[in-house]
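Listed here are the chains, written in short residue letters.
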Amino acid sequence: MLTFPDLHGARFGHINLDVLARAHAHFRDAALVPQLIKQKVVTNPLLDPHLCHEMIQEAHAHLGIDHSYGGWFEDRRVLWKDSYLEKGQHWIHLGVDFNVPAKTRVVATWKATVELVDDDTPMIGGWGPRVILRLKDDPDLILIFAHLGEVSCKAGDKVKPGDTLATVGSPPHNGMWFPHLHVQAVDLKHYKRDWTHLVQELDGYANPFAASHAATIFPDPMRYMRLWE
Ligand SMILES: [Zn+2]
């Protein structure tokens, strides 16, 4: 059972979005710096989700892949410069992003209970529609699926492999991000202690100085995802 059954046979490749952003910034600045200084434009154009999406599509074409994934503990200080993450220097991405088209169906590949379904739209830089699951075979872990479109499950539902959870969302209703699925694993003990009653406080980014501690709380979710048969 694949996480994105409708993308069966598509070519997936690993991608580092901050490396892409650095290359993008280099070309952009080479062409535009004198103009930007003149206009006092200091904001990061990649904060426009459409431009960011375009950059990722160009990378896919260049790499000869259809879709991409990656980003666990990636430092994204160039990609998200000037964003809400700047204040706390929260540059370390705690989940894995799957750069697949908006409306792609997301399916469960394990048995789980839906712990929570929520939506912080219209928050910019938020989770958008989000599904939080507790895995049956790995009960010490919570799995978060975020930046969703249409959600097909509700809290308390038991899901099994093949059940549709949701579709991938798009801006502005997905937290104002480029279309992608963010998946983040959270250690259950920490989730219960720190976030059960404060689930809006749980974020997808951390400060680099907290990264080694964060790695024990937010393990790599890739082993719960199935991109290939
Ligand atoms: Zn993400």
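All of these numbers come straight from a predicted model, not from anything done at the bench.

Draft legend 1. Region of interest: the coordination of the zinc ion. For the zinc ion, the full set of protein donor atoms is His93 (NE2), Asp97 (OD) and His182 (ND1), at a range of 2.1 Å. Each donor residue of the zinc ion belongs to the same chain, with the gaps between them written as H-x3-D-x84-H. Of this pair, histidine 93 sits in strand β3 (residues 92-93) while histidine 182 sits in strand β12 (residues 181-187), and the two are 89 residues apart along the sequence. Comparing histidine 93 with histidine 182 shows no difference in burial state: the two are buried.

Draft legend 2. Here's a closer look at the pattern of salt bridges. Considering all chains together, one arrives at eleven salt bridges under this definition. The salt bridge partner of arginine 22 is aspartate 18, with a shortest N-O separation of 3.2 Å. Linking arginine 22 with aspartate 18, this pair stays in helix α1 (residues 17-39), spanning four residues, or about one helical turn. Since its relative accessible area comes to 44%, arginine 22 is described here as partly exposed.

Draft legend 3. A look at the UniProt feature "domain: M23ase beta-sheet core" (unreviewed entry) in the protein. The feature "domain: M23ase beta-sheet core" (unreviewed entry), as annotated in UniProt, sits at residues 93-185 in this numbering. Segment residues 93-185 splits into 0% helix and 48% strand. End C-alpha atoms: 12 Å apart.

Draft legend 4. Broad picture of the nonpolar core. With 31 residues, the main nonpolar core has Phe98, Trp110, Leu133, Phe145, Leu165 and Leu181 as its most contacted residues. Listing elements by their share of this core, those giving two or more residues are β4 (96-99), β6 (112-119), β7 (129-135), β8 (141-146), β11 (164-168) and β12. Of all hydrophobic cores here, the second largest spans 19 residues; its members include Phe73, Leu94, Ala206 and Ile217.

About the criteria used
- All residue numbers here refer to positions counted from 1 along the written sequence of the relevant chain.
- Given that the model is predicted, a residue must reach a pLDDT of at least 70 before its local features are reported, and side-chain atom pairs must reach 80 or more before they are shown or counted; all residues, however, enter totals for whole chains, interfaces and linings.
- Side-chain measures were taken over the full set of non-hydrogen atoms in the model, leaving aside hydrogen atoms and water.
- Donor atoms: N, O and S within 2.8 Å of the metal, or within 3.2 Å for Na, K and Ca. Because water is excluded, sites can look incomplete.
- Where helices and strands are cited, they refer to DSSP runs of H or I of at least four residues and of E of at least two residues respectively, numbered from the N terminus.
- Relative accessible area decides the class of each residue, using a 1.4 Å probe on protein chains only: under 20% of the type maximum gives buried, over 50% gives exposed, and in between gives partly exposed.
- Take a side-chain nitrogen of Lys or Arg and a carboxyl oxygen of Asp or Glu: if they are within 4 Å of each other, that pair is a salt bridge.
- UniProt positions are given in the numbering used here, feature names are shortened, and annotations may be inferred rather than shown by experiment.
- What makes a nonpolar core is a set of buried Ala, Val, Leu, Ile, Met, Phe, Trp, Tyr and Cys residues whose side-chain atoms join them at distances within 4.5 Å.

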